[in-house]
Amino acid sequence: MVLSTDERALLTLITQSPVPVVMSDFFHELSPAEPGRIAGHPAVLRRQIQWYRVSLQLWQYNLVRIVVPANGERGAMVETTEAGRAALATGSPFSEVS
């Protein structure tokens, strides 16, 4: 499996951070609302849900790991794994973790 454009974009931002991050903190940066669309607009919400799917895929593929679990006030904080850095560096396919 090859990284999708969305997976690569989110993983790049996570990797650039010197400290663990909450993946959803990047969603608005990656997909800002179009002019005239409010945060609750169905198209904006749909895109936000797609980013949650991308986040889950990064974790399922072992490209990120949770270092601080979610606590009800903020989401889980993650960092890039060696496999994640390798996937970004090579752009090549990686093995899906079961």
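Counting restarts for each chain, with residues numbered from 1 along the sequence as it is written. Where local features are concerned, this predicted model is filtered to residues with pLDDT of at least 70; where side-chain atom pairs are given and counted, the filter is 80 or more; whole-chain, interface and lining totals use all residues. With hydrogens and water excluded, all non-hydrogen atoms of the structure serve as input to the side-chain values.

## Some remarks on the overall build of the protein
Counting from the N terminus, the helices are the DSSP runs of H or I reaching at least four residues and the strands are the DSSP runs of E reaching at least two. Of regular secondary structure, the protein possesses four helices and three strands. Ordered by position from the N terminus, the helices and strands of the protein form the series α-β-α-α-β-β-α. Throughout, exposure labels follow a simple rule: accessible area from a 1.4 Å probe, protein chains only, divided by the maximum for the residue type, with under 20% read as buried, over 50% as exposed, and the rest as partly exposed. Counting across all 98 residues of the protein, residues that qualify as buried make up 29%. We call two residues contacting when some pair of their heavy atoms lies within 4.5 Å. Pairs at least 24 residues apart make up 56% of the contacts formed inside the protein by residues separated by at least 6 positions. What sets the accessible areas is the Shrake-Rupley method with a 1.4 Å probe; for residues, cover comes only from the shown protein chains. Of the accessible surface of the protein, which amounts to about 6100 Å², a share of 57% is contributed by carbon and sulfur atoms.

## Here's the deal with helix H1 (residues 5-16)
Along an α-helix, residues three or four apart share an orientation, since each turn contains 3.6 residues. Expected helix span is taken as 1.5 Å per residue step, with the number of steps being one fewer than the number of residues. With 12 residues, H1 should reach 16 Å at 1.5 Å per residue; the first-to-last C-alpha distance of 17 Å fits that figure. Inspection of H1 places Glu7, Leu10, Leu11, Leu13 and Ile14 among the buried residues, and these make up the whole buried set. One side of H1 carries all its buried residues, which in axial view fall inside an arc of 160°. Turned more than 90 degrees off the buried face of H1, the exposed positions are Thr5 and Gln16. Looking at the buried residues of H1, the elements they touch are strand E1 (21-22), helix H2 (27-30), helix H3 (42-60), strand E2 (64-68), strand E3 (77-80) and helix H4 (82-90). Here, the arc refers to the directions that run from the helix axis to the C-beta atoms.

## Looking at the environment of Gln50
Looking at the secondary structure, you find Gln50 in helix H3. Residue Gln50 is classed as partly exposed on the basis of its relative accessible area, which comes to 32%.

## So, H3
The end-to-end C-alpha distance of H3, which contains 19 residues, comes to 27 Å, matching closely the 27 Å that a straight helix rising 1.5 Å per residue would cover. Listed as buried for H3 are Val44, Gln48, Trp51, Val54, Ser55 and Leu58. In an axial view of H3, the angular spread of the buried residues amounts to 110°, which keeps them on one side of the axis. Looking at H3, the residues exposed on the side facing more than 90 degrees away from the buried face are Pro42, Arg46 and Arg53. In this structure, the buried residues of H3 make contact with H1, H2 and E2. After H3 finishes, the residue Asn62 shows a positive phi value of roughly 65°.

## A look at the nonpolar core
We call a set of buried Ala, Val, Leu, Ile, Met, Phe, Trp, Tyr and Cys residues a nonpolar core when their side-chain atoms join them within 4.5 Å. Core analysis: the largest hydrophobic core is formed by 18 residues, its most contacted members being Leu10, Leu11, Ile14, Met23, Leu58, Leu63 and Val64. Breaking this core down by element, the ones donating at least two residues are H1, H3 and H4. Here this core takes four residues from H1, the largest share from any one element. Sequence-distant contacts of Ile14, that is, excluding residues within four places in its chain, are made with Val21, Met23, Phe26, Leu58, Val64, Val78, Glu79 and Thr80.

## Description of the layout of surface pockets
Here a cavity denotes a set of grid points, spaced 1 Å apart and computed over the protein atoms alone, in which a 1.4 Å probe fits but from which it cannot get out, and a pocket denotes an open set meeting protein on both sides within 12 Å along at least five of seven lines; residues with an atom within 4 Å of a point are reported as lining. Grid points are joined across faces, edges and corners, and a volume is the space filled by probe spheres set on the points. The volume enclosed by the largest pocket comes to roughly 170 Å³. As for the largest pocket, its lining consists of Val22, Met23, Ser24, Phe27, Tyr52, Ser55, Leu56, Trp59, Ile66, Gly75, Ala76 and Val78. No other element matches the four residues that H3 contributes to the lining of the largest pocket. When residue character is reported, Ala, Val, Leu, Ile, Met, Phe, Trp, Tyr, Cys and Pro are called nonpolar, Asp, Glu, Lys and Arg charged, and the others, Gly included, polar. A class-by-class count of the residues in the lining of the largest pocket yields nine nonpolar, three polar and no charged.

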